[in-house]
Amino acid sequence: QYWIRENIFPAKVLERMEYTPDVEKIEYKHKRQSSRLPSVIELDEKILEFLGLWMADGCYDKRSVLVTVSNQECREIIKEIFDRFDLPVKHHSDDHTILANSQPLKEVMQVFGFKGDAYSKRIPEWLFSAEPRQRYAFLRGFYSGDGYATEDEIGIDLINENLIEDIQTMLLID
């Protein structure tokens, strides 16, 4: 009755039935949590900027995706992505962190390689072979979060040596 009331069908049941639904019409939902994500998510420039911001200054808690930013333009990017998926935007008590309680978003991001902490994050392998405009959007988000510019240089301030190498490699592509 829960499936009927909630208009959902577990993937395991579909597998047993050997039924393949139209992916454009299905959504991903984590157990009984209320938020849902479309099964197809276009990796447009805004999504990739958001992922860059998360890579720079984001994390997860038990069921949420959090990104810490002070810049208003960056805050708008995060809000736009959360709004796109109908996720209520919440503000942490520190006034700089924006979060969305969404286990599905957290899980999808992790499946696509966005995981770890400040010491262990890595750029997912697939992003190195993405289209140039997609890589640039990711880097724009990343530098908006962890980058700086002076009269003499443009740089990033990181403690993660592997992530520094990933950024260097990405900058050398093309």
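Just so it is clear, the structure is predicted and the values come from calculations on it, not from any experiment.

Caption draft 1: Geometry of the overall build of the chain. A tally of helices and strands in the chain yields eight helices and eight strands. Counting all 174 residues of the chain, 40% fall into the buried class. Residue pairs in contact within the chain that sit at least 24 positions apart in sequence constitute 61% of those at least 6 positions apart. Carbon together with sulfur atoms contributes 50% to the accessible area of the chain, which is approximately 10900 Å² in total.

Caption draft 2: Local environment of the pairing of strand β6 (residues 97-101). Counting buried positions over the five residues of β6 gives four, a clear majority of the element. Where strand β4 (residues 64-68) and β6 come together, five bridges link them in antiparallel fashion. Note on β6: the bridge partner recorded for V67 is I98. Two elements, strand β5 (residues 90-91) and β6, share two bridges in a ladder whose sense is antiparallel. Residue pairing across strands places K90 opposite L99, the latter belonging to β6. Here β5 hands over to β6 after five residues, with D95 in that stretch at a positive phi of 65°.

Caption draft 3: Structural view of the pattern of salt bridges. For the coordinates displayed, the defined rule picks out six salt bridges. Of the charged contacts, one joins R84 and E80 as a salt bridge, the two residues approaching to 3.8 Å between their closest N and O atoms. Within this pair, R84 and its partner E80 are both found in helix α4 (residues 72-84), separated by four residues, close to a single helical turn. R84 sits in the partly exposed class, given a relative accessible area of 35%. On the accessibility criterion, E80 (34% relative accessible area) is partly exposed. Ionic pairing is found between E131 and R133, a salt bridge with its closest N-O pair at 3.3 Å.

Caption draft 4: Local environment of helix α5 (residues 103-111). Along α5, the residues classified as buried are Q103, P104, L105, K106, E107 and M109. Where α5 starts, the residue carrying a side-chain oxygen 3.1 Å from the main-chain nitrogen of L105 turns out to be S102. Positive backbone phi, at 95°, marks G113, one or two positions downstream of α5.

Caption draft 5: Highlighting the environment of R135. Along the chain, R135 turns up in helix α7 (residues 132-146). As for R135 and L171, which are separated by 36 residues in sequence, their C-alpha atoms are 9.0 Å apart. Residue contacts for R135: discarding those within four places in its chain leaves L127, F128, A130, M170, I173 and D174.

Caption draft 6: The packing of aromatic side chains, seen in detail. With the rule as written, the count across this model stands at eight aromatic pairs. Taken together, a centroid distance of 6.4 Å and an interplanar angle of 25° make the contact between F138 and F142 stacked. Here the residue F138 and the residue F142 both occupy positions in helix α7, the gap between them amounting to four residues, near one helical turn. Judged by relative accessible area, F138 falls into the buried class, the value being 0%. Clustering of aromatic rings is evident, with ring pairs tying together W54, Y60, F112, F114, W126, F138, F142 and Y143. Lying over the aromatic face of W54, K121 brings its terminal NZ or CZ to 4.1 Å of the ring centre.

About the criteria used
Residues numbered from 1 in each chain as written. Predicted model: local features only at pLDDT ≥ 70, side-chain atom pairs only at ≥ 80, totals over all residues. Heavy atoms only, no water. Helix = DSSP H or I, 4+ residues; strand = E, 2+ residues; numbered from the N terminus. Buried < 20%, exposed > 50% of the residue type's maximum accessible area, 1.4 Å probe, protein only. Contact = heavy atoms within 4.5 Å. Areas by Shrake-Rupley, 256 points an atom, 1.4 Å probe, with all protein chains shown as cover. Pairing = 2+ DSSP bridges. Salt bridge = Lys/Arg side-chain N within 4 Å of Asp/Glu carboxyl O. Polar contact = N/O pair within 3.5 Å; in protein donor to acceptor, adjacent residues only side chain to side chain. Phe/Tyr/Trp six-rings, centres within 6.5 Å; stacked < 30°, edge-to-face > 60°. Lys NZ or Arg CZ within 6 Å of the ring centre and 35° of its normal.

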